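Observations on the three-dimensional arrangement
Each chain is listed here by its residues.
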Amino acid sequence: MSSAEPLLAERLARAITLAGPISVAQFMAAANGHYYATRDPLGQDFITAPEISQMFGELIGLWLADLWDRAGRPDAACAELGPGRGTLAADARRAMAKAGFAPPVHFVETSPVLRAAQAERVADAAWHDSIETLPDDVPLLIVANEFFDALPIRQLVRGRDAWHERLVACQDTLFLPIAGPAVPEAIIPEPLRTAPPGAVIETSPASVAIARALAERLARQGGALLAIDYGYEGPALGETLQAVRAHAFVNPFEAPGEHDLTAHVDFATLAAALAQGGAVPHGPVTQGAFLTTLGIDARAAALGAGVAADRDRLVAPDQMGQLFKVLAATAPGWPRPEGFA
């Protein structure tokens, strides 16, 4: 057990005891904030596509370079949201350079542990605590790989006569979900309002706000966003909040801050937010279809037989190929990006 673990649990328990239960979103934000600030979880708790194979980052780099080229080769900057160890950016940068594209790199990252790891791979990157300080005078080419799934969600639970927001209560340092006050039916998507008791809807106001802000940037400055994550096209019923530790699922309400809390991304809602912000959404498509269109099979063949298993892990329908989706958004007037019919 980490020496810091009881500090977060006790702080949350004290806050709940004094002020009452908190929302799932507040619990998730506090837990993930501590989790990512205090460790490098990649390889220990979970692994992401850039860590599986260099092919992933290389193909994204070529995607960025192709779009930049067809947009007229403007002065531009690349940004990655939640860049992990910087592996994707390093691989993408190597591929972009071969295509004649060498933009400055910006990372939106708050974890000091992960910033140190990123600096080992992309030493000349510029770091930001939020998207607000990204460059505002050139087009932005933004990558968000497994970023939106870690943003806080609200959970709404259908009772016998109304929908209720799920809250997190505490007994000593035992955290447990409970049904909170009823919420107005108007906030429930109309097709889901008559769901049976016990049904759950998840929403992510934080994801919508960031997507709209990024879209407004693209509309003003030019550029594109590429978002890759596991998820679905909603609205839909179902509970997807999960916690992973040491590559195994654990109770998301136990030991806050000691495991990664994520939820599946609603790509339909994300696309709508991007459109509302003034960008042009494309997709989503499955990760398997996207990487295949970009040429992962040719790249795997060039690298040799040793990467066949990695290729399958990225694109096979029973691995990451189907569950993971890819959504793009471009500034008005920018060309349609590759990989989206």
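Please refer to the structure higher up on the page.
The structure reproduced in this document is the subject of the present report. Each chain has its residues counted from 1, following the order in which its sequence is written. Owing to the predicted nature of the model, reporting of local features is limited to residues with pLDDT of at least 70; listing and counting of side-chain atom pairs is limited to 80 or more, with chain, interface and lining totals taken over all residues. Computation of side-chain values covers all heavy atoms of the structure but excludes hydrogens and water.

The next thing to look at is empty space enclosed by the protein. Here a cavity denotes grid points, spaced 1 Å and computed from the protein atoms alone, that fit a 1.4 Å probe unable to get out, and a pocket denotes an open set having protein on both sides within 12 Å along at least 5 of 7 lines; residues with an atom within 4 Å of a point are the lining. Grid points are joined across faces, edges and corners, and a volume is the space filled by probe spheres set on the points. Tallied over the entire structure, the rule returns one cavity of 30 Å³ or more. The space that makes up the largest cavity amounts to roughly 110 Å³. Broken down by secondary-structure element, the contributors of at least two residues to the lining of the largest cavity are β2 (77–81), α5 (87–98) and β5 (140–145). Counting from the N terminus, the helices are DSSP H or I runs at least four residues long and the strands are E runs at least two residues long. The leading source of residues in the lining of the largest cavity is α5, at five residues. Here the lining of the largest cavity is composed, by residue class, of ten nonpolar, no polar and two charged. Just so you know the grouping, Ala, Val, Leu, Ile, Met, Phe, Trp, Tyr, Cys and Pro go in nonpolar, Asp, Glu, Lys and Arg go in charged, and all remaining residues, Gly too, go in polar.

Glancing now at the layout of surface pockets. Each pocket or cavity is described by its volume, and for the largest pocket that value is around 800 Å³. Around the largest pocket sit 40 residues that line it, and Gly82, Val108, Glu109, Phe147 and Ala150 are the ones nearest its centre. Secondary-structure elements contributing two or more residues to the lining of the largest pocket are α2 (24–37), α3 (49–52), α5, α7 (205–221) and β13 (260–262). Broken down by element, the lining of the largest pocket gets its largest block of residues, six residues, from α2. When its residues are assigned to classes, the lining of the largest pocket shows 20 nonpolar, eleven polar and nine charged.

With that out of the way, let us pick up the packing of helix α4 (residues 54–70) against helix α10 (residues 296–303). Running from N to C, α4 and α10 point in directions that differ by 130 degrees, and their axes come no closer than 11 Å. On the basis of their axis angle, the class for α4 and α10 is oblique. Crossing hand, α4 versus α10: right-handed. Contacts from Gln54, Met55, Glu58 and Leu59 in α4 reach Ile296, Arg299, Ala300 and Leu303 in α10. Looking at the contact of α4 with α10, its residues break down into five nonpolar, one polar and two charged. Fitted lines through C-alpha atoms give the axes, limited to the stretch in contact for helices. The angle between two N-to-C directions lies from 0 to 180 degrees. For classification purposes, an angle smaller than 35 degrees is called roughly parallel, one larger than 145 roughly antiparallel, one from 65 to 115 roughly perpendicular, and anything else oblique. When the near helix sits turned anticlockwise from the far one by under a right angle, the crossing is termed left-handed; a clockwise turn instead gives a right-handed crossing. Two residues qualify as a contact provided that any one of their heavy atoms is within 4.5 Å of a heavy atom in the partner residue.

With 17 residues, α7 extends 24 Å from end C-alpha to end C-alpha; this agrees with the ideal 24 Å at 1.5 Å per step. Burial classes: relative accessible area under 20% of the type maximum marks a residue as buried, over 50% as exposed, and values in between as partly exposed (1.4 Å probe, protein chains only). For α7, the set of buried residues is Ser207, Ile210, Ala211, Leu214, Ala215, Arg217, Leu218 and Gln221. For α7, the angular spread of the buried residues around the axis is 155 degrees, confining them to a single face. Of the residues one or two after α7, Gly222 is the one with positive phi, at around 90 degrees. Expected span, for any helix, means 1.5 Å times one less than how many residues it has. It is the directions from the helix axis to the C-beta atoms that the arc portrays.

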